[in-house]
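Reading the structure
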Amino acid sequence: MEFLYPRPEDDGKILLLLLVAHDQITHAICYEWDASEHLRQASPIVTKRLLPPEDRLPTMLIPLTKTSSFMLVTTSTMAVYKNRLDPRRQPSRYPLGLPDRESRKSPLWTRWARPLRNWLYNQKHDDIYLCREDGQISYLGIGNEGEVENQAHLGQLCCDVDAAFDILHFGNEGGDLLLAAGNTGDGGLFVQKARDHPRCVQKFMNWSPVTDSVIVKSSNQQFPLSADIASDRLFVCSTSSFAQGAIVELRHGIEAQIGLVVSLEGLSGTRDIWTMSTGTNGGVIVLTSDPMSSVLLDLPADFDEEICAIDEADSGLDCGSQTLAAGSTDIGVIVQVTERAIHLGATFASMRSSRFEYGYDQSITVAAVNGSASLIVAAVRDQDGLHLHAKRLTPSGDQLSLTDVGEPLRMHFEPVCISVLTFDFGSLICVGAGNGKIFLYVIENESITFMSEKTMDVAYNEDISKAIDSLAVINKVENGPLKKFVLLCGLRSGILVPFGVTLDSVNAVSSIGMSTSYLESRFLLTYGVHQ
């Protein structure tokens, strides 16, 4: 079923064409009525025509913009019916020959699309893309009388096409931007330039349907940390609609489903978010921040009660500034780090809120909060440069105060992110820098010591940014004096690089080593996921 384009002299008419098949016979039926008539009151003019056997089961019905014509596409030919269903005119037939005559199968032509052209060109031309289920595409040029004037084979899209094929109507590199997808194979975006083959600019992965699967047991048991991460691997065999199957690996994860939506019209440019437990009835405090302000929300456990923002005076935090880092301690103290101060807010009435302000010539560039250790680490800039500061929260009665942990250390690089880990001997500070390096510091016996640095080695030739925008720690393992964990480094270029970090300590930290072999064995896998 399709609506046909009325001729200029039929302006105001609606033309609806149906193909009706019954008992091996197919009829084309056209309904014509005035657009000003309501559908229930309309008395359409009905025209009926018996289609020849070769056209009785077409794969596509394409309305043409010229002379109220339409095209029927079969497996091997195209037939153009002019002037709706004029019985005095026989359809014009055109072959659908392609240079791939070696194919043993007969793929179907399944999709079509009409590109956007300028108004003057459209007065005398009607161009159409045809796409076959195996990804072959052709371009038809149709003249003002509805005849196919030229036909060009453009090439292969390298994907099955039976679910979607269309054109995104905005300029892209001087060509048409084609979108193609299949029910059982990969899809993608393709740039089609004049007299050129289509070029894929983005691919959409599709791993269904699965016809078989196999689990490969992990054989790496020599390095405990690696064994914990590798575990078993699941491979599946997927098929496609036209001779393009694949073998893919499925990786486990956790799906986050939306359980609550909170509208914050005044904070549409949110940059960061932190969640902290209230410690009572499973409630959660959410702190969000944009470059100009912050909002603190109290979310009850059941989400049935009214959700509202916590007032600045009640929270003890600074809602008029951007939050650089936040966290909560085991005793219920909320820590907020802004550019000029460290704010301490209590979730219970018996504890007073307080703040520690830096000097007028000092500013915090990046910070981290470790709630379990009541530790705040910040990179502070002043007229003498950058220094690494560490402070510990020490409550006394109903008062909250901060004490310095060791002396500030000079930083000869530009920090971008900080992460703090706790061990039985003390804490480890990981700093990601703009120059692609990781710097490690240790806090032991209430003093800070620089331990090691590691340069990011990304084995790619492209001119990419190696600045480390984020750090995360997974799989922390403590086995006596041996401490191991995986440090994930998110680069500004979009690459995720893992490091295996080993600490060997006997009552003190004696060495820190980064496993480059672990980086090499895991880098390609991780890059493939996050590219």
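Residues numbered from 1 in each chain as written. Predicted model: local features only at pLDDT ≥ 70, side-chain atom pairs only at ≥ 80, totals over all residues. Heavy atoms only, no water.

1. Focus on the overall build of the chain
The cut-off we apply is this: Secondary structure counts use DSSP, requiring at least four H or I residues in a row for a helix and at least two E residues in a row for a strand, with both numbered from the N terminus. What makes two residues a contact is simply this: any of their non-hydrogen atoms within 4.5 Å. In short, Shrake-Rupley with a 1.4 Å probe defines the accessible areas, and a residue's cover is counted only from the protein chains shown.
Tallying secondary structure elements over the chain gives four helices and 40 strands in all. The long-range share in the chain, meaning contacts at least 24 apart out of those at least 6 apart in sequence, stands at 41%. Looking at the chain as shown, the accessible area adds up to about 28500 Å², and 50% of this sits on carbon and sulfur atoms.

2. Concerning the sheet that holds strand E25 (residues 333–337)
Formally: Paired strands, in this sense, are two strands between which DSSP finds at least two bridges. Fitted lines through C-alpha atoms serve as axes, helices being fitted only where they are in contact, and the angles separating the N-to-C directions of these axes extend from 0 to 180 degrees.
Taking strand neighbours across the sheet as the criterion, the four strands line up as E24-E25-E26-E27 in an open arrangement whose pairing is antiparallel. The outermost strands of the open sheet, each flanked by one partner alone, are strand E24 (325–328) and strand E27 (354–357). On average, each strand axis in the sheet is inclined to that of its neighbour by 10°, with strand direction left out of account. Across four bridges, the pairing between strand E26 (residues 341–346) and E27 is antiparallel. The residue of E27 that forms the bridge with Ala341 is Glu357.

3. Describing the pattern of salt bridges
Operational definition: A pair is scored as a salt bridge if a Lys or Arg side-chain nitrogen falls within 4 Å of a carboxyl oxygen belonging to Asp or Glu. Only protein chains enter the accessibility calculation, which uses a 1.4 Å probe. A residue is then buried if its area is under 20% of the maximum for its type, exposed if over 50%, and partly exposed in between.
The full count for this structure, using the stated rule, is 17 salt bridges. With a closest N to O distance of 3.1 Å, Asp86 and Arg88 form a salt bridge. Taking the relative accessible area as the measure of exposure, Asp86 reaches 9% and is therefore buried. Since its relative accessible area comes to 73%, Arg88 is described here as exposed.

4. Notes on the sheet that holds strand E9 (residues 109–113)
Spatial ordering of the open sheet is given by E9-E10-E11-E12, a layout of four strands whose pairing is antiparallel. Strands at the two margins of the open sheet, each flanked by one partner only, are E9 and strand E12 (148–156). For this sheet, the mean angle separating the axes of adjacent strands, direction not counted, is 25°. With six bridges joining them, strand E10 (residues 126–132) and strand E11 (residues 136–142) adopt antiparallel strand pairing. Looking at E11, one finds that Cys131 is bridged to Ile137.

5. Describing the environment of Asn475
Its location among the elements puts Asn475 in strand E37 (residues 468–479). Residue Asn475 is classed as partly exposed on the basis of its relative accessible area of 33%. Along the chain, Asn475 and Val486 lie eleven residues apart, while their C-alpha atoms are 6.1 Å from each other.

6. Re the packing of aromatic side chains
Condition: Centres within 6.5 Å are what make two rings of Phe, Tyr or Trp a pair, Trp counting through its six-membered ring; a difference in plane orientation under 30 degrees is then read as stacked, over 60 as edge-to-face, and the rest as tilted. The criterion for a charge sitting over a ring is simple: Lys NZ or Arg CZ within 6 Å of the ring centre, and within 35 degrees of the ring normal.
Summed over all chains, the structure comprises seven aromatic pairs. Ring geometry for Phe356 versus Tyr358: centroids 5.1 Å apart, planes at 85°, classification edge-to-face. Taking the relative accessible area as the measure of exposure, Tyr358 reaches 11% and is therefore buried. With a centroid separation of 3.7 Å and an interplanar angle of 0°, the aromatic rings of Phe413 and Phe439 are classed as stacked. Highlighted residues: Phe413 in the loop between strand E32 (409–411) and strand E33 (415–422) and Phe439 in strand E35 (residues 437–444), separated in sequence by 26 residues. Above the plane of the ring of Trp109 lies Arg132, whose end atom (NZ or CZ) is 5.6 Å from the centre.

7. A closer look at the confidence of the model for the chain
To keep it simple, the criterion reads: Residue-level confidence of the predictor, termed pLDDT, takes values from 0 up to 100.
Confidence in the prediction of the chain, expressed as mean pLDDT, is 80, and 81% of residues score 70 or more. Within the model, pLDDT remains below 50 along residues 222–229, and this stretch shows 18 contacts once partners closer than five positions in the same chain are excluded. Below a pLDDT of 50 lies the segment residues 506–531, which in the model reaches 60 contacts outside its immediate sequence neighbourhood of four places, other chains included.

8. Some thoughts on the side chain of Ser315
Convention followed: Polar contact is defined as a pair of N or O atoms within 3.5 Å, subject to the rule that within protein one atom must be able to donate a hydrogen and the other to accept it, and that residues adjacent in sequence are counted only when both atoms are side-chain atoms.
In this structure, Ser315 sits in helix H3 (residues 312–315). You can call Ser315 buried: its relative accessible area is 6%. At a separation of 3.2 Å, a polar atom in the side chain of Ser315 contacts the main-chain amide nitrogen of Leu317.

9. Some details on unusual backbone geometry
Positive phi, close to 55°, is recorded for Asp23, a residue that is not glycine. Mapped onto the elements, Asp23 comes out in the loop between strand E2 (13–22) and strand E3 (25–34). One non-glycine residue, Asn83, adopts positive backbone phi at about 50°. Tracing the backbone shows Asn83 in the loop between strand E7 (77–81) and strand E8 (92–95).

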